[in-house]
Amino acid sequence: MPNESVNDTIVDVLRTALGVDKDWVESTIEVPGDRKMGDLALPCFKLAKEKRKAPAQIAKEASDSLPQELPKGVDRIEAVGPYLNVFFDPKSQARDLLESILENGDRFGSSAVGSGKKVVLDFSSPNIAKPFGVGHLRSTVIGHSVANILNFQGYECIRINHFGDWGTQFGKLMVAYIEWGDEVDLEGNDPIQGLLQLYVKFHKLAEEDPSWDDRGREWFKKLEDGDEEALRLWTWFKEISLKEFDRIYTRLGVEFDSYSGEAFYNDKMVRVIQRLEEKNLLEESRGAKIVDLEEYGLTPVLIQRSDDATLYATRDLAAAYYRHDTYEFHKNLYFVASAQNDHFKQVFKVLELLGEPWAKDCEHVPFGLISFADGMMSTRRGKVVFLEDVLDQAVERVDKIISEKNPALNNRAEVAEQVGVGAIVFYDLTRRRIKDWTFDWDRILTFEGETGPYAMYSHARFRSILRKAKQRGLEPHTTIDEIQFDALDNDEAKSLLQALEEFPDQIRRAGEQYEPSLVTQSVLEVADKANKFYNAHHVLVDEEDISRTRLLLVHAVATVLKTGLTLLGVAAPEEM
RNA sequence: GCGCCAGUAGCUCAGCUGGAUAGAGCAACGGCCUUCUAAGCCGUAGGUCCAAGGUUCGAAUCCUUGCUGGCGUACCA
């Protein structure tokens, strides 16, 4: 069914009139693309063969045989060509919607489908000792938003930041530090910059002379074996990074329930290897230990290197077990770039082969990558745009715009931060997550059209009307019975109401598909229709009754926009 | 080579499990601020939905093949 508003009574009436069964109606009925055609439509093509009649004739006959008394809330049902179109009574529709928003407030659009179920979300998960680049934005904001959306639907969300705080990269960094540590500043304001320089220099040399990589592996092995010097450096690098990440998460408003990174699973690797051995899945190959997945069309999973050090896949297996044991999850989600599709296929397949029934509840939620116009981002080559620089630029630009457009704003710095950061977050959540995008300063710093600032602006604008009204002693109607329907009897109000009505359904879909862009699109749709309404009709007019009814609509718009923005992890300032 | 993903207006994208005339934004051009925030609104222009087959009453949507681009393809994560 297209949405929840299709109730049984309507299905029943249509079913009887057409002489078909309930399932047929439920699976065929749809919401017309053009809502002028009706609120629901039932195409009758499929019945043509069976009934040996033209679809249009079937629709016509069915509409003639409808009962006198239509279901509550239905204004009329009419045949239009081969379609049987259902029109809801606009008044009762508007009444139900506004009443629901009035009653539910910022819970409008929420549900309880997930109640009692736990969802584990692994997102953001940046690598320690590397800068937090725009590339890390994706996992962070998508994961955060999906957590908000699922939470809104009653799921209990466990947000895990699976830091990349283990692996050969640390060995490499240690080698670099030992060699050139005195050339960089790791104590000043920007120690990450120093680490990056070491990292880049190392990779430049390693490209020409692979023996550098061997030294890196050696040092990582030392770390795994608990070497004191290695451990000291590792702890120090980690501290430097965590400080930086903390600052960014605070700005983004992102929080986690667990910060157990890869190192956390260090002592849980043995058990994984044990399990694999018990099931006879492990084989020796070229000196390493692997699980062969050839018969499933997958490349082998490397479990243990020839020098016995563990790998990414091993740690993910250990983490999956840990999460299962600790949280008894309904779903275990990984918000990781689509480049790692194969990796997750392998890991989940191994879990399946291990006989774990919960393997099917593990899901990779992939997203496209961010690249530069001239190619890929690469930390190894030092080709990174720091997320903080992007946020700073955005905030700076917003601040300038405020100084031009609303110089009287008193909490300007705070609002500039909210709008600037919100613009970046919203930007990343506008398109479907699977899409790749190219980093472009001009584009990401555009605040007009389908952008975060536009949505925030629309919200602020409508909040402003409510404030102005209050100053004049006007409040929205508080009970639905007071509504003056004439005040909403125009195209702009109707399509605005429609946009508001679709909001809960979009949230539901966004939760099912782990796709925040559906919320973004719905927010933009509401903002668009709201601004059109704003420009076509005055809210604060002489007739008090009309004003108060329109204020109710304004209240509904502000409520929904704020809820939508909040689910996306974007602030909704009162003024801007 | 093989695998996964994408291909819709000049650019960036929507288009829900196939349904009525394929929609927005940006860029371009022309309008609208002495009443609620012009980060807004209205209008003009812009399309062989990558291509060819197939399924269907009906395909941007499903299937097949091909083309283009991105990513992956064992000791990085």
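Attention in this report is confined to the structure presented alongside it. Since this is a predicted model, take the numbers as computed values, not measurements.

1. Section: the packing of aromatic side chains
Argument step 1. Under the criterion given, the structure shown has 28 aromatic pairs.
Argument step 2. Taking the centre distance of 5.8 Å and the plane angle of 90° together, the rings of Phe 132 and Tyr 249 count as edge-to-face. With Phe 132 in the loop between strand S4 (118-122) and helix H6 (135-152) and Tyr 249 in helix H10 (residues 228-252), the pair connects residues that are 117 residues apart, well separated along the chain.
Argument step 3. Assessed through its relative accessible area of 0%, Phe 132 is described here as buried.
Argument step 4. The class of Tyr 249 is buried, set by a relative accessible area of 3%.

2. A few points about empty space enclosed by the protein
Argument step 1. On inspection of all chains with the given rule, the structure shows one cavity of 30 Å³ or more.
Argument step 2. Looking at the largest cavity, its volume works out to about 30 Å³.
Argument step 3. Along its surface, the largest cavity is lined by Ile 128, Ala 129, Lys 130, Gln 169, Phe 170, Leu 173 and Tyr 199.
Argument step 4. Counting residues per element, the lining of the largest cavity draws most heavily on helix H7 (residues 168-180), at three residues.
Argument step 5. Of the residues in the lining of the largest cavity, the class split is five nonpolar, one polar and one charged.

3. Topic: the protein's contact with RNA strand B
Argument step 1. Looking at RNA strand B, there are 72 residues lining it, with Glu 262, Arg 305, Lys 405, Tyr 457 and Arg 461 nearest.
Argument step 2. Counting only atoms of RNA strand B within 4 Å of the protein, the sugar-phosphate share comes to 61%.
Argument step 3. Between Tyr 83 and RNA strand B, the recorded distance is 2.8 Å, taken from a side-chain N or O atom to a sugar or linking oxygen.
Argument step 4. Between a phosphate oxygen of RNA strand B and a side-chain N or O atom of Ser 464, the distance comes to 2.6 Å.
Argument step 5. The element contributing the most residues to the surface near RNA strand B is helix H17 (residues 452-471), with eight residues.
Argument step 6. The class makeup of the residues in the surface near RNA strand B is 30 nonpolar, 16 polar and 26 charged.

Criteria and thresholds
- Residues numbered from 1 in each chain as written.
- Chains lettered and ligands numbered in written order.
- Predicted model: local features only at pLDDT ≥ 70, side-chain atom pairs only at ≥ 80, totals over all residues.
- Heavy atoms only, no water.
- Phe/Tyr/Trp six-rings, centres within 6.5 Å; stacked < 30°, edge-to-face > 60°.
- Helix = DSSP H or I, 4+ residues; strand = E, 2+ residues; numbered from the N terminus.
- Buried < 20%, exposed > 50% of the residue type's maximum accessible area, 1.4 Å probe, protein only.
- 1 Å grid on protein atoms, 1.4 Å probe; cavity = no way out; pocket = protein on both sides within 12 Å on 5 of 7 lines; lining within 4 Å.
- Points joined across faces, edges and corners; volume = space filled by probe spheres on them.
- Nonpolar A, V, L, I, M, F, W, Y, C, P; charged D, E, K, R; others polar.
- Near = heavy atom within 4 Å.
- Polar contact = N/O pair within 3.5 Å; in protein donor to acceptor, adjacent residues only side chain to side chain.

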